[in-house]
Amino acid sequence: MRRIIPIAFILASLLYLLLSFSLEQKRMIGDELGWDPGPRALPLGTGLLMLGLSLYLLFKEWKAAPAAKVGDPAILRLIVLTLIVTVLYIVAFKPVGFILATALFLFTLGYFNYKQDVRLAMTADFIKGLAGCAAFTLFVYSAGKWVTRFFFTLGRQTRQQLFTGRVFAAGVSLAVCVLFLFLAVFLLKRLRGGRASLSKSAVSALTATGTTEILYICFKQLFLVSLASGLIFW
Amino acid sequence: MEAFLSGLAMVFTVETILWLSLGEVLGIILGALPGLTATMGIALMLPICFQLPKVTGIAMLLGVYCGAICGASIPAILLGIPGNPNAIATVLDGLPMTKKGLAGQALGGAVVASFIGGIGSMIVLILFSPIVARFTLAFGPAEKAALALIGLTVIASVSAKNIAKGVLTGCLGLALALMGMDPFTNSLRIPFPSLLARTPLAGGVKLVPALIGLFGISQAFFDLERIKERQLAPPQVKIENIFPPLKKILQMWRIILESLGIGTLIGAIPGTGASIAVFLSYERAKKITHSPKSKLDKVGTGCLEGIFAPEVSNNAVMGGALIPTLSLGIPGDSGTAVLLGGLLIMGIVPGHQLFEQNLSLVYGIFISLFLANLFMATFQLLGVRIFPKVLAIPMAILIPVVIILSLIGAYAIEGQAIMAGITNMGVALLLGLIGYVLKKGDYPITPIVLGLILGGMLEENFRRAVKLAGGNYFVFFTKPIALVFILLALFSIVLPWLKKRSRT
């Protein structure tokens, strides 16, 4: 790692210098005499400084004894999984949609983080949890949407502006989400024979649903951000 | 007076009070969770503040900042693990107080001390920032370019053990800031222009996704490495008698005043940060209490004096750091660097013009800061028995939540543009990974942010100065103020290097 970073910096500075040299040296409007240093000056200077410093650091790191430190393979697997899942999330965001993609992303990472490892033997349990999480999230989302629409229609029919406002809609969705999360916790505990703690898979799923809904309420319902709907057309 | 009343009206709205309260609670929770920093909290809240009215957004960010600094004392006192570097010195007397059964008084003392530090430094901020801002009236393009340079070099040299690493990451930030469209000629400065010219990347690297990636995603990956370390749990201690006796506080007047002075001064020097201030204050308090004439309890033995010194100091750093941020546009530490990014995104340009043309907004910021301190004290005292419970939140859940907040935050600033939002997520992830790798290699990431923030100011004024001087590149050495700034910038790099050499 200690040597890789300066080498990466050297490559980046060389690329940056190449980009700077390839820039067209245009003149600023009103600069007939050509006194403006131009768009190339500062990038060139920065690139040269970066190159010099990274060469110096590489030289220093080369002289120092390399630190032989091998990380925990389970942690390494978790980091790689997090990276892959995050890239997949970004790629799938538009086609799959915010609600489903976010819930699945959160469940996947929460589940494996709890297990502190990534193993093939966990697949069956993971897929069961993933399906449960997706179903529960869709249910909570749909319930919230239905109640919000109901109040919206009621507001328009009765000309009650309170019911048609976005703050009210956000409040109603939040209440629906909290209600179903509490119900789910209650039922899951009953299913486990009244034991105090839920399974880690259930905690991951409930957290995924709750976080997804809160983000939806905050950004979509309160701030009117256009979150991709993807597969969920309703 | 009219501006003050207008500022007051901006702050005292239901919306502002609610968002400030939410920011405060979130800040305390973030501060209390080891691994999550105040800077990360502010970065994650930027997309939300972007959607709010200016003063409301700033008030919320200040709430997160205040709350996170004070909240860090909770695990420091109860578990001996600081929530973030601001509370490193609080551990030294906080944990022994908990062991003595005085956890309540230590937690309460930390809140009172933080409040005193916050309000004291706010008064200094109100008194000095307009004066410093007036000073910038004498600045032309050459001086402004030199000022940007000093902001970059000071942070780069102080934030890293190795100056070369700090300057290198500062250059990386600068290189990223210079990508996109040239502000004067509109020519594109991006790699593969034929490919990227029609993508959102043609506009260069946007500040919010970069900040979120560097402070949110990189921290999440960093914390992932420590997921196997033992899960923290709220300690089973009785929390009672939270209010420190007034007589005791009055007896500590010298410690309070000195810590306030140290915190504010250190905060006002760009790049220094709270971790230096808290140790300096702690050492001063140690000297005061260990003198033969002193009637105070000895710092280091588990007493309120050892809590007050660092806690007054770390909250005083905030007000101090806001002085150069608001008056010069040069942040005092990483937290104010992100805060400055937030101000710029909202179209607020710090400096003399802000104080001259938008005084009501300035008053709005000052009043918000006062309320942020007041709410911080109120919420933390009211929730002194509740907030320690957040220590039970497992990292397994927190890490994905931080990553998703970062990604959706980066996405949300684009509002209706889905593809631009998705590009922002990619930028945040890429910069998060770069930040993570750099952190692992002991490279500081704050200079990248400074490079990104100050890059535009540096280039614009550098080119304007050279053009106005008829193409003379030595114009910076002919103007006295610019020359002083350049010498200071050089000094900030050479001095630590010389010190290191003399030590070896």
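Residues numbered from 1 in each chain as written. Chains lettered and ligands numbered in written order. Predicted model: local features only at pLDDT ≥ 70, side-chain atom pairs only at ≥ 80, totals over all residues.

**Structural notes on the overall build of chain B**
Part 1 of the argument: Secondary structure assignment for chain B yields 23 helices and two strands.
Part 2 of the argument: Of all 504 residues assigned to chain B, the portion counted as buried reaches 62%.
Part 3 of the argument: At a minimum sequence separation of 6, the contacts of chain B that also span at least 24 residues come to 77%. (Helix = DSSP H or I, 4+ residues; strand = E, 2+ residues; numbered from the N terminus. Buried ≥ 20, exposed ≤ 12 C-beta atoms within 10 Å, placed from the backbone. Contact = placed C-beta atoms within 7 Å.)

**Considering the overall build of chain A**
Part 1 of the argument: Along its length, chain A carries eight helices and zero strands.
Part 2 of the argument: Of the regular secondary structure in chain A, the N- to C-terminal order runs α-α-α-α-α-α-α-α.
Part 3 of the argument: Over its C-alpha atoms chain A spans a radius of gyration of 27 Å, topping by over 25% the 17 Å that the globule rule assigns to 234 residues.
Part 4 of the argument: In chain A, which comprises 234 residues, the proportion classed as buried is 33%. (Rg over C-alpha atoms; globule rule 2.2 N^0.38 Å.)

**Here's the deal with the packing of helix H3 (residues 73-96) of chain A against helix H4 (residues 98-115) of chain A**
Residue and element names in this part refer to chain A.
Part 1 of the argument: Look at H3 against H4: their axes get within 9 Å of each other, and the N-to-C directions meet at 170°. As judged from the angle between their axes, H3 and H4 are roughly antiparallel. Here Leu78, Leu81, Thr82, Val85, Tyr89, Ala92, Phe93 and Val96 of H3 lie close against H4, whose contacting residues are Phe98, Leu100, Ala101, Phe105, Thr108, Leu109, Phe112 and Asn113.
Part 2 of the argument: Class assignment of the residues belonging to the contact of H3 with H4 gives a composition of 13 nonpolar, three polar and no charged. (Axes fitted to C-alpha atoms, helices over the stretch in contact; angles between N-to-C directions. Parallel < 35°, antiparallel > 145°, perpendicular 65-115°, else oblique. Nonpolar A, V, L, I, M, F, W, Y, C, P; charged D, E, K, R; others polar.)

**Observations concerning the interface of chain A and chain B**
Part 1 of the argument: Contacts between the two partners involve 52 residues from chain A and, on the opposite side, 50 residues from chain B.
Part 2 of the argument: Secondary structure elements with two or more residues in the side of chain A that touches chain B: helix H1 (4-21), helix H2 (41-63), H3, H4 and helix H8 (200-222) of chain A.
Part 3 of the argument: Tallying contributions element by element places H2(A) first for the side of chain A that touches chain B, with 10 residues.
Part 4 of the argument: Here the side of chain A that touches chain B is built from residues that sort into 32 nonpolar, 12 polar and eight charged.

**Remarks on the environment of B:Met395**
Part 1 of the argument: With respect to the secondary-structure elements, B:Met395 resides in helix H19 (residues 395-412).
Part 2 of the argument: Considered as a pair, B:Met395 and B:Glu229 are 166 residues apart in the sequence and their alpha carbons are 9.8 Å apart.

**Section: the nonpolar core**
Part 1 of the argument: B:Ile42, B:Ala59, B:Leu61, B:Tyr65 and B:Leu211 are the most contacted members of the largest nonpolar core, which totals 235 residues.
Part 2 of the argument: Top contributing element to this core by residue count: H19(B), with 15 residues.
Part 3 of the argument: Structurally, this core is a two-domain feature, drawing no fewer than three residues from each of domain 1 (4-63) and domain 2 (73-222) of chain A.
Part 4 of the argument: Setting aside residues up to four positions removed in sequence, B:Tyr65 forms contacts with B:Gly27, B:Ala38, B:Ile42, B:Met318, B:Gly335 and B:Leu339. (Core = buried A, V, L, I, M, F, W, Y, C linked by C-beta atoms within 7 Å. Domains from an automatic or database assignment.)

**With respect to unusual backbone geometry**
Residues and elements named next belong to chain A.
Part 1 of the argument: One non-glycine residue with positive phi stands out, namely Gln116, at about 60°.
Part 2 of the argument: Judged by local crowding, Gln116 falls into the partly exposed class, with 14 C-beta atoms found within 10 Å.
Part 3 of the argument: Of note, Arg159 is a non-glycine position whose phi angle comes to about 55°, a positive value.
Part 4 of the argument: Its place among the elements puts Arg159 in the loop between helix H5 (123-158) and helix H6 (161-164).
Part 5 of the argument: Residue Arg159 is classed as exposed on the basis of its 8 C-beta neighbours within 10 Å.

**Comments concerning H5(A)**
An α-helical turn contains 3.6 residues, so any two residues separated by three or four positions project in the same direction.
All names here are of chain A.
Part 1 of the argument: Between its first and last C-alpha atoms H5 spans 52 Å; for 36 residues at 1.5 Å apiece the expected length is 52 Å, and the two agree.
Part 2 of the argument: Inspection of H5 places Gly129, Cys133, Phe136, Thr137, Val140, Tyr141, Gly144 and Thr148 among the buried residues, and these make up the whole buried set.
Part 3 of the argument: Here the buried face of H5 lies against H4, helix H7 (166-191) and H8. (Expected span 1.5 Å × (residues − 1).)

**Section: the packing of H7(A) against H8(A)**
All names here are of chain A.
Part 1 of the argument: The interhelical angle for the contact between H7 and H8, taken along N-to-C directions, is 175°, at an axis separation of 9 Å. The orientation of H7 relative to H8 falls into the category roughly antiparallel. Taking contact as the criterion, the partners of Arg166, Ala169, Ala170, Ser173, Leu174, Cys177, Leu181, Ala184, Val185 and Leu188 in H7 are, on H8, Ala202, Leu206, Thr209, Gly210, Glu213, Ile217, Gln221 and Leu222.
Part 2 of the argument: In terms of residue class, the contact of H7 with H8 is built from 12 nonpolar, four polar and two charged.

**Remarks on the domain arrangement of chain A**
Part 1 of the argument: If you check the domain split of chain A, you get domain 1 (4-63) and domain 2 (73-222).
Part 2 of the argument: The C-alpha centroid of domain 2 of chain A is placed 46 Å from the C-alpha centroid of domain 1 of chain A.

**Quick look at the environment of B:Gly216**
Residue and element names in this part refer to chain B.
Part 1 of the argument: Within the secondary structure, Gly216 sits in helix H11 (residues 207-224).
Part 2 of the argument: Under the C-beta neighbour-count criterion, Gly216 is labelled buried, with 30 such atoms within 10 Å.
Part 3 of the argument: The sequence separation of Gly216 and Val449 amounts to 233 residues, and the corresponding C-alpha distance is 13 Å.
Part 4 of the argument: Sequence-distant contacts of Gly216, that is, excluding residues within four places in its chain, are made with Met40, Ala43, Leu44, Val402, Leu405, Ser406 and Gly432.

**Focus: the environment of B:Val449**
All names here are of chain B.
Part 1 of the argument: When you line up the elements, Val449 lands in helix H21 (residues 446-468).
Part 2 of the argument: On a C-alpha basis, the gap between Val449 and Gly319 in space is 20 Å, while along the polypeptide they are 130 residues apart.
Part 3 of the argument: In contact with Val449, not counting residues within four places along its chain, are Gly173, Leu211, Leu214, Ala337 and Val338.

**Notes on the confidence of the model for chain B**
All names here are of chain B.
Part 1 of the argument: Of the residues in chain B, 98% have a pLDDT of 70 or more, and the chain-wide mean is 88.
Part 2 of the argument: Element-level pLDDT for chain B is lowest in helix H10 (residues 193-196), with a mean of 76, against a maximum mean of 94 in helix H20 (residues 418-440).
Part 3 of the argument: Scored as a complex, the prediction yields pTM 0.88 and ipTM 0.93. (pLDDT = per-residue confidence, 0-100.)

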